[in-house]
Amino acid sequence: VERRRLYGEEHPDIAVSLRKLGWVLFERQLLDSAERVLRVAVPMSRRVHGERHPETAEALSDLAVVMQARGNRAESEQLHLAALEAQRGVAGQELPLASTLNNLAWLAENRGDLDSAMALFREALELKRRFGADVQSLSNGLVALATVGSRAGQATQADSAAREALRRRRAA
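Residues numbered from 1 in each chain as written. Predicted model: local features only at pLDDT ≥ 70, side-chain atom pairs only at ≥ 80, totals over all residues. Heavy atoms only, no water.

## Re the environment of Gly-71
Consideration 1: Considering the arrangement of structural elements, one finds Gly-71 in the loop between helix 4 (54-69) and helix 5 (73-87).
Consideration 2: Assessed through its relative accessible area of 57%, Gly-71 is described here as exposed. (Helix = DSSP H or I, 4+ residues; strand = E, 2+ residues; numbered from the N terminus. Buried < 20%, exposed > 50% of the residue type's maximum accessible area, 1.4 Å probe, protein only.)

Encoded structure:
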């Protein structure tokens, strides 16, 4: 309320505050409220930041996660794809892009498209390796690849990814 009084209804700080409020509501499991707030934050972010901006991508990703939690996988996927488009080629967005790719990979895995899931996990891992993700994030990506690889019948690749994850965690 105070920010709106200071900045007016449409301002980058208002869009960021709404996005952050939406995420806090999500973390508190208040999905209806989180969705309502993020549905205001996303278009506002697009207007005040533009389509290819980190804040717009993050707002899209946050809403996508909420929609996935609500069981609306189709909308979640569309929102993740929009976030992906906002992140690709934008300097400094490589690790958030990897996170979006991971989310899309899990959606592909959920619908049984294991080949697409593995390709998305591999792309995310490449970004994490190249741009210095922390050991936990990189290991989690490797475990995800191993899990889906195992389900896809690619035992050698699954084993290799699992062993690399274990090596990295032990070395940390």
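## Brief notes about unusual backbone geometry
Consideration 1: Even without glycine at this site, Gln-29 takes up a positive phi of about 70 degrees.
Consideration 2: Relative to the helices and strands, Gln-29 resides in the loop between helix 2 (12-27) and helix 3 (31-49).

## Observations regarding the packing of aromatic side chains
Consideration 1: Under the definition given, this model contains two aromatic pairs.
Consideration 2: For the pair Trp-23 and Phe-26, a centre-to-centre distance of 4.7 Å together with 35 degrees between the ring planes defines the contact as tilted. With Trp-23 and Phe-26 both in helix 2 and three residues apart, this pair spans about one turn of that helix.
Consideration 3: Under the relative-accessibility criterion, Trp-23 is labelled partly exposed at 26%.
Consideration 4: When the ring of Trp-106 is compared with that of Phe-121, the centres are 5.0 Å apart and the planes differ by 75 degrees; the resulting orientation is edge-to-face. Placement of Trp-106 in helix 6 (residues 94-110) and of Phe-121 in helix 7 (residues 114-130) is noted, with a sequence separation of 15 residues between them. (Phe/Tyr/Trp six-rings, centres within 6.5 Å; stacked < 30°, edge-to-face > 60°.)

## Observations concerning the confidence of the model for the protein
Consideration 1: Residues at a pLDDT of 70 or more form 96% of the protein, whose mean pLDDT is 94.
Consideration 2: Element-level pLDDT for the protein is lowest in helix 1 (residues 2-7), with a mean of 66, against a maximum mean of 97 in helix 3. (pLDDT = per-residue confidence, 0-100.)

## Points about the environment of Ala-158
Consideration 1: Looking at where Ala-158 falls in the secondary structure, it is placed in helix 9 (residues 155-171).
Consideration 2: Non-local contacts of Ala-158, meaning those with residues more than four positions away in its chain, are made with Ala-146, Gly-149 and Ser-150. (Contact = heavy atoms within 4.5 Å.)

## Notes on the pattern of salt bridges
Consideration 1: Using the criterion set out here, one finds 18 salt bridges in the structure.
Consideration 2: For Arg-19, the salt bridge identified is with Glu-55, shortest N-O distance 2.7 Å. With Arg-19 in helix 2 and Glu-55 in helix 4, this residue pair connects regions lying 36 residues apart in the sequence.
Consideration 3: Given the relative accessible area of 6%, Arg-19 is considered buried.
Consideration 4: Using a relative accessible area of 17% as the deciding quantity, one classes Glu-55 as buried.
Consideration 5: One continuous salt-bridge network, built from bridges that share partners, spans Asp-32, Glu-35, Arg-39, Arg-70 and Glu-75. (Salt bridge = Lys/Arg side-chain N within 4 Å of Asp/Glu carboxyl O.)

## Re the layout of surface pockets
Consideration 1: The space that makes up the largest pocket amounts to roughly 220 Å³.
Consideration 2: Forming the walls of the largest pocket are 13 residues, and the residues nearest its centre are Glu-58, Ser-61, Gln-87, Pro-96 and Ser-99.
Consideration 3: Of all the secondary structure elements, the ones that give two or more residues to the lining of the largest pocket are helix 4 and helix 6.
Consideration 4: Top contributing element to the lining of the largest pocket by residue count: helix 4, with six residues. (1 Å grid on protein atoms, 1.4 Å probe; cavity = no way out; pocket = protein on both sides within 12 Å on 5 of 7 lines; lining within 4 Å. Points joined across faces, edges and corners; volume = space filled by probe spheres on them.)

## Notes on the nonpolar core
Consideration 1: Ranked by size, the top nonpolar core spans 24 residues in total, and within it Leu-101, Leu-120, Phe-121, Leu-142, Leu-145 and Val-148 carry the most contacts.
Consideration 2: Secondary-structure elements contributing two or more residues to this core are helix 6, helix 7, helix 8 (135-151) and helix 9.
Consideration 3: Residue contributions to this core peak at eight residues, all from helix 7.
Consideration 4: The residues contacting Leu-145, other than those within four sequence positions of it, are Met-118, Phe-121, Arg-122, Leu-125, Gln-157 and Ala-161.
Consideration 5: Counting residues in hydrophobic clusters, the runner-up holds 20 residues, among them Phe-26, Ala-41, Leu-60 and Val-66. (Core = buried A, V, L, I, M, F, W, Y, C linked by side-chain atoms within 4.5 Å.)

## So, helix 7
Consideration 1: In this model helix 7 runs 24 Å from its N-terminal to its C-terminal C-alpha over 17 residues, within 8% of the 24 Å that 1.5 Å per residue would give.
Consideration 2: Of the positions making up helix 7, those classed as buried are Leu-114, Ala-117, Met-118, Leu-120, Phe-121, Ala-124, Leu-125, Leu-127 and Lys-128.
Consideration 3: Looking at the buried positions of helix 7, the neighbouring elements they touch are helix 6, helix 8 and helix 9.
Consideration 4: Backbone geometry just downstream of helix 7 places Gly-132 in the positive-phi region, at approximately 75 degrees. (Expected span 1.5 Å × (residues − 1).)

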